[in-house]
Amino acid sequence: VVNNRITWLFHYSALLSAVAEANVPLARAVNITGFHNILDIAAEHNLRLFVPSTIGAFGPTSPRNPTPDLCIQRPRTIYGVSKVHAELMGEYYHYKYGLDFRCLRYPGIISADSQPGGGTTDYAVQIFHDAIKSSKFQCNLKPDTRLPMMYIDDCLKATLDVMEAPTTSLSMRTYNISAMSFSPEELVQEIKKHIPEFQVTYNVDPVRQAIADSWPMKFDDSNARRDWGWKHDMDLSELVTTMLNAIGSDSRVAQTN
Ligand SMILES: NC(=O)c1ccc[n+]([C@@H]2O[C@H](COP(=O)([O-])OP(=O)(O)OC[C@H]3O[C@@H](n4cnc5c(N)ncnc54)[C@H](O)[C@@H]3O)[C@@H](O)[C@H]2O)c1
């Protein structure tokens, strides 16, 4: 930070929901102690600090459809607990010490460039790889499990937008952001428009299903849209075309279009 004259810090390191649940001590060390290290550095050097939170920061007692910014947050995963902790500590440091803390609650993020990191929404990335490789996919969530999702470009745009937003436009320090919500069966139908022979079976993972059942189905992000002009670009049909193209099915997509 000192040698490179860093002024903005984006803190992404974390264990994601399913992985964290399988190793709680490591999740505490990375997601909580690691975050404390970042908070100290940011406060000491007067940095603008971005930390992503998640739909996992809500729990079974939160309103799920839609989930507003301010409501009950009693997550039952160590991942969710660590993210609520980060939201609250960041906001506390902002009000107490003037730290320029900015936080977005991301939906499940979908990207063609990286492998899923052990989260509950991983299926929505893996499904594209398997659809192209074998036209078959085994889904670890029930077909009607509806969760908020977003394409990576929208996620990066939102992150830069909130970091660049004038301080005076921010009425809060932690915002929901939303683009689309879908279930596995809806995603499958959309993929079948491009790959009609695509076959999906369901083998539900009880740990991931329990997590998904306690998470928001849809985010209310009206505060982000009002305060700093958040607007997503990509909806479900565009997402599917983009992912299939990016992962390498250009010829098949072209045939069906
Ligand atoms: N992927 C999503 O859908 C999603 C949704 C909401 C929020 N987020 C948040 O975005 C961030 C990044 O998620 P991702 O999907 O890229 O996950 P990921 O698992 O791909 O990346 C996490 C990163 O943390 C690093 N890390 C783990 N332990 C570390 C340690 N001890 N020291 C330093 N680095 C360590 C890993 O090397 C990895 O690069 C996380 O904070 C996550 O909570 C992701």
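No experiment lies behind these values; they were computed from the predicted model shown. (Residues numbered from 1 in each chain as written. Predicted model: local features only at pLDDT ≥ 70, side-chain atom pairs only at ≥ 80, totals over all residues. Heavy atoms only, no water.)

Participant: What am I meant to see in the packing of aromatic side chains here?
Facilitator: Two aromatic rings, taken as a pair, are described by how far apart their centres are and by the angle between their planes. For the structure shown, the criterion picks out 10 aromatic pairs. Relative to phenylalanine 50, the ring of phenylalanine 10 has its centre 6.0 Å away and its plane inclined at 45°; by these criteria the two rings are tilted. Of the two residues, phenylalanine 10 is situated in strand S1 (residues 8-10) and phenylalanine 50 in strand S2 (residues 48-54); the sequence distance between them amounts to 40 residues. When its relative accessible area of 32% is taken as the criterion, phenylalanine 10 is described as partly exposed. Arranged with centres 6.4 Å apart and planes meeting at 40°, the rings of tryptophan 228 and tryptophan 230 form a pair that is tilted. Relative accessible area serves as the criterion here: at 10%, tryptophan 228 is assigned to the buried category. Residue class for tryptophan 230 comes out buried when judged on its relative accessible area of 2%. (Phe/Tyr/Trp six-rings, centres within 6.5 Å; stacked < 30°, edge-to-face > 60°. Helix = DSSP H or I, 4+ residues; strand = E, 2+ residues; numbered from the N terminus. Buried < 20%, exposed > 50% of the residue type's maximum accessible area, 1.4 Å probe, protein only.)

Participant: In this structure, what is going on with the nonpolar core? I would like to understand it.
Facilitator: Inside soluble globular proteins, nonpolar side chains tend to come together where they are buried. Core analysis: the biggest nonpolar cluster contains 41 residues, and Ile110, Tyr123, Phe128, Phe182, Leu187, Ile191 and Leu239 have the highest contact counts within it. Among the elements of the structure, helix H3 (78-97), helix H4 (123-134), strand S5 (136-139), strand S6 (147-151), strand S8 (180-182), helix H6 (184-192), helix H7 (206-213) and helix H9 (236-247) are those that each provide at least two residues to this core. If you tally residues by element for this core, the top one is H4, at 7 residues. Beyond its immediate stretch of four places on either side in the chain, isoleucine 110 contacts Ala124, Val125, Phe128, Met149, Met150, Tyr151, Ile152, Phe182, Leu239 and Met243. (Core = buried A, V, L, I, M, F, W, Y, C linked by side-chain atoms within 4.5 Å. Contact = heavy atoms within 4.5 Å.)

Participant: Hey, could you run me through the sheet that holds S1 in this one?
Facilitator: Strand pairs in the sheet, formed through backbone hydrogen bonds, run parallel or antiparallel to each other. Spatial ordering of the open sheet is given by S1-S2-S3-S7, a layout of 4 strands whose pairing is parallel. Where the open sheet ends on each side, the last strands, each with one partner, are S1 and strand S7 (174-176). Strand-to-strand, the axes of this sheet are offset by a mean angle of 20°, without reference to chain direction. The pairing of strand S3 (residues 100-106) with S7 spans 3 bridges and is parallel. When the sheet's bridge partners are listed, leucine 104 is paired in S7 with tyrosine 175. Sheet strands in contact with helix H5 (residues 152-164) are S1, S2 and S3, and its direction is about 155° off that of S3. (Pairing = 2+ DSSP bridges. Axes fitted to C-alpha atoms, helices over the stretch in contact; angles between N-to-C directions.)

Participant: Any chance you could explain the site of the ligand here in plain terms?
Facilitator: With respect to spatial proximity, 16 residues lie near the ligand, and among them Tyr12, Leu16, Tyr79, Lys83 and Ile109 are the closest. Taking tyrosine 12, its main chain carries an N or O atom lying 3.0 Å from an oxygen atom of the ligand. A distance of 2.6 Å separates an oxygen atom of the ligand from a polar atom in the side chain of tyrosine 79. Protein burial of the ligand: of its 820 Å² of free accessible surface, 58% is covered by the chains. Per element, the largest residue contribution to the shell around the ligand is 3 residues, and it comes from S2. Here the shell around the ligand is built from residues that sort into 9 nonpolar, 6 polar and 1 charged. (Near = heavy atom within 4 Å. Polar contact = N/O pair within 3.5 Å; in protein donor to acceptor, adjacent residues only side chain to side chain. Areas by Shrake-Rupley, 256 points an atom, 1.4 Å probe, with all protein chains shown as cover. Nonpolar A, V, L, I, M, F, W, Y, C, P; charged D, E, K, R; others polar.)

Participant: Looking at this structure, how should I read the pattern of salt bridges?
Facilitator: Pairing between side chains becomes possible if they bear opposite charge and their charged atoms approach one another. Scanning all chains against the criterion turns up 12 salt bridges. Between aspartate 100 and arginine 48 there is a salt bridge whose closest N-O contact spans 2.8 Å. Of this pair, aspartate 100 sits in strand S3 while arginine 48 sits in strand S2, and the two are 52 residues apart along the sequence. Aspartate 233 serves as the salt-bridge partner of lysine 157, at 3.5 Å between the closest nitrogen and oxygen. One end of the pair, lysine 157, is in helix H5; the other, aspartate 233, is in the loop between helix H8 (222-228) and H9, and 76 residues separate them in sequence. By relative accessible area, which is 27% here, lysine 157 ends up partly exposed. Given a relative accessible area of 48%, aspartate 233 falls into the partly exposed group. (Salt bridge = Lys/Arg side-chain N within 4 Å of Asp/Glu carboxyl O.)

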